[in-house]
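# Analysis of the macromolecular model
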Amino acid sequence: MKILFVCLGNICRSPTAEGVFRKLASESPLAGSVEVDSAGTVGFHAGDPPDPRSIEHAALRGVDLRGLRAREVIAADFNDFDHVIAMDERNVAHLKSICPARHIGKIKLLLAFADTCKLREVPDPYHGAAGDFELVLDVIEEGSRGLVNYLVDQQSVATAEHAEFAQSVKGHKGQYVRRYAFSRRVREDFRGDDRHRES
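Residues numbered from 1 in each chain as written. Predicted model: local features only at pLDDT ≥ 70, side-chain atom pairs only at ≥ 80, totals over all residues. Heavy atoms only, no water.

### Quick notes on the overall build of the protein
Note the threshold: In DSSP terms, a helix is any run of H or I states spanning at least four residues, a strand is any run of E spanning at least two, and both are numbered starting from the N terminus. Classification of residues uses two cut-offs on accessible area relative to the type maximum, computed with a 1.4 Å probe and protein chains only: under 20% is buried, over 50% is exposed, and between them is partly exposed. Residues are treated as being in contact if the distance between any of their heavy atoms lies within 4.5 Å. Residue-level accessible areas treat just the shown protein chains as cover; the underlying method is Shrake-Rupley with a 1.4 Å probe.
Each helix and strand counted, the protein has six helices and four strands in total. Each helix and strand of the protein, placed in order from N terminus to C terminus, yields the pattern β-α-β-α-α-β-α-β-α-α. Counting only residues that meet the buried cut, the protein has 38% of its 199 residues in that class. Sequence-distant contacts, at least 24 apart, represent 72% of the contacts inside the protein between residues at least 6 apart. In the structure as shown, the protein presents an accessible area of about 11500 Å², 53% of it carried by carbon and sulfur atoms.

### So, the environment of Ile140
Tracing the sequence through the fold places Ile140 in helix α5 (residues 130-171). Ile140 sits 29 residues away from Leu111 along the chain, and the two C-alpha atoms are 7.6 Å apart. Look past the residues within four positions of Ile140 in its chain and what remains in contact with it is Arg13, Thr16, Ala17, Val20, Leu110 and Val122.

### A closer look at the state of the cysteines
Under the convention used in this document: Cysteine sulfurs are considered disulfide-paired once they come within 2.5 Å of each other.
One pass over the structure, following the stated rule, counts zero disulfides. With no disulfide of its own, Cys12 has Cys7 as its nearest cysteine by sulfur position, at a separation of 7.0 Å.

### Observations regarding the side chain of Asn91
Inspection of the secondary structure puts Asn91 in helix α4 (residues 89-98). Once residues within four sequence positions are removed from consideration, Asn91 is found in contact with Val6, Cys7, Leu8, Arg13, Thr41 and Ala86.

### Details of the side chain of Arg13
Spelled out, the test is: Pairs of N or O atoms within 3.5 Å make up the polar contacts considered here, provided that, within protein, one atom can donate a hydrogen while the other can accept it, and that residues adjacent in sequence are counted only when both atoms are side-chain atoms.
Turning to its location among the elements, Arg13 is positioned in helix α1 (residues 13-26). Judged by relative accessible area, Arg13 falls into the buried class, the value being 3%. A distance of 2.9 Å separates a polar atom in the side chain of Arg13 from a polar atom in the side chain of Asp88.

### Details of the environment of Thr16
Along the chain, Thr16 falls in helix α1. Accessibility expressed as a relative area gives 3% for Thr16, which makes it buried. Spatially, the C-alpha atoms of Thr16 and Val136 are 8.4 Å apart, while their sequence positions differ by 120 residues. In this view, Thr16 contacts Ser54, Leu65, Leu137 and Ile140; residues no more than four positions away in its chain are not counted. Reaching out from Thr16, the side chain makes a polar contact with the backbone oxygen of Cys12 at a distance of 2.6 Å.

### Here we look at the nonpolar core
Grouped burial of nonpolar side chains is what soluble globular proteins tend to show. What counts, and what does not: Only buried Ala, Val, Leu, Ile, Met, Phe, Trp, Tyr and Cys residues count toward a nonpolar core, and they belong to the same one when joined by side-chain atoms within 4.5 Å.
Within the largest apolar cluster, 32 residues are counted, with the highest numbers of intra-cluster contacts made by Ile3, Phe5, Phe21, Leu30, Leu110, Val122 and Leu147. Only β1 (2-7), α1, α2 (52-59) and α5 provide two or more residues apiece to this core. By residue number, the principal contributor to this core is α5, which donates eight residues. In contact with Phe21, other than residues within four places in its own chain, are Ile3, Phe5, Leu30, Val34, Val36, Ser144, Leu147, Val148 and Leu151.

### Concerning the sheet that holds β1
Our working rule: Any two strands with at least two DSSP-identified bridges between them are counted as paired. With axes taken as lines fitted to C-alpha atoms, and helix axes fitted only over the stretch in contact, angles between N-to-C directions fall between 0 and 180 degrees.
Read across the open sheet, the four strands follow the order β2-β1-β3-β4; overall the sheet is parallel. Sheet topology places β2 (35-40) and β4 (107-109) at the edges, where each strand pairs with a single neighbour. Averaged over all neighbouring strand pairs, the angle between strand axes comes to 30 degrees, with direction disregarded. Contacting β1, β3 (83-86) and β4, α4 runs over the sheet at an angle of about 175 degrees to β4.

### Remarks on the pattern of salt bridges
Stated formally: Every case where a carboxyl oxygen of Asp or Glu lies within 4 Å of a side-chain nitrogen of Lys or Arg is listed as a salt bridge.
Tallied over the entire structure, the rule returns 13 salt bridges. A salt bridge links Arg71 to Asp77; the shortest N-O distance between them is 3.0 Å. Here Asp77 falls in the buried class, since its relative accessible area comes to 4%. A single network of salt bridges, built from pairs that share partners, joins Arg61, Glu134, Asp138, Glu141 and Arg145.

### So, α2
Residues spaced three or four apart along an α-helix face the same direction, because each turn holds 3.6 residues. Those residues of α2 that fall on the buried side of the exposure criterion are Ser54, Ile55, His57 and Ala58. The opening residue of α2 is Asp51, an N-cap whose side-chain oxygen sits 2.7 Å from the backbone nitrogen of Arg53.

Pasting the structure below:
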């Protein structure tokens, strides 16, 4: 499973979300089964590390952002990632404007997974003070916990359905084999009839 977090410049909110989510996922049943990345809707800061203030405040909560580098969202991301998680509605609008129709459903707001958060969007702290970066961390942590829980539930459902199907196949193996053999004979009969008509 691959998750992409997106904000405007990929130096404050989305790298923070990448780091926070990666830490929470590693401490959950998702550990080892999730790849995480982040990107921006614009490439102004491509190749740059996160904002020093984001690095500093995240570090106080045990999240290391120092190795991350900004990049711009590319078309291949919509095919490569299972979930594209935006920080605000502006990001969502931009993503939907460049996303193939078949992948639109992958785009979601992070705080849609934060049941008790009063905010709908993660505010941009770039022009703010220390308290703004702390607020961003607070809401991103809440949204990321909700997203982790959602993905764990989805994973559990998928595992249960797979187990149920496998058991069904095992219990009716002979029946499926007979059905396959019958359908194969039917197809061969049809092909024989077609060849007969052509001759």
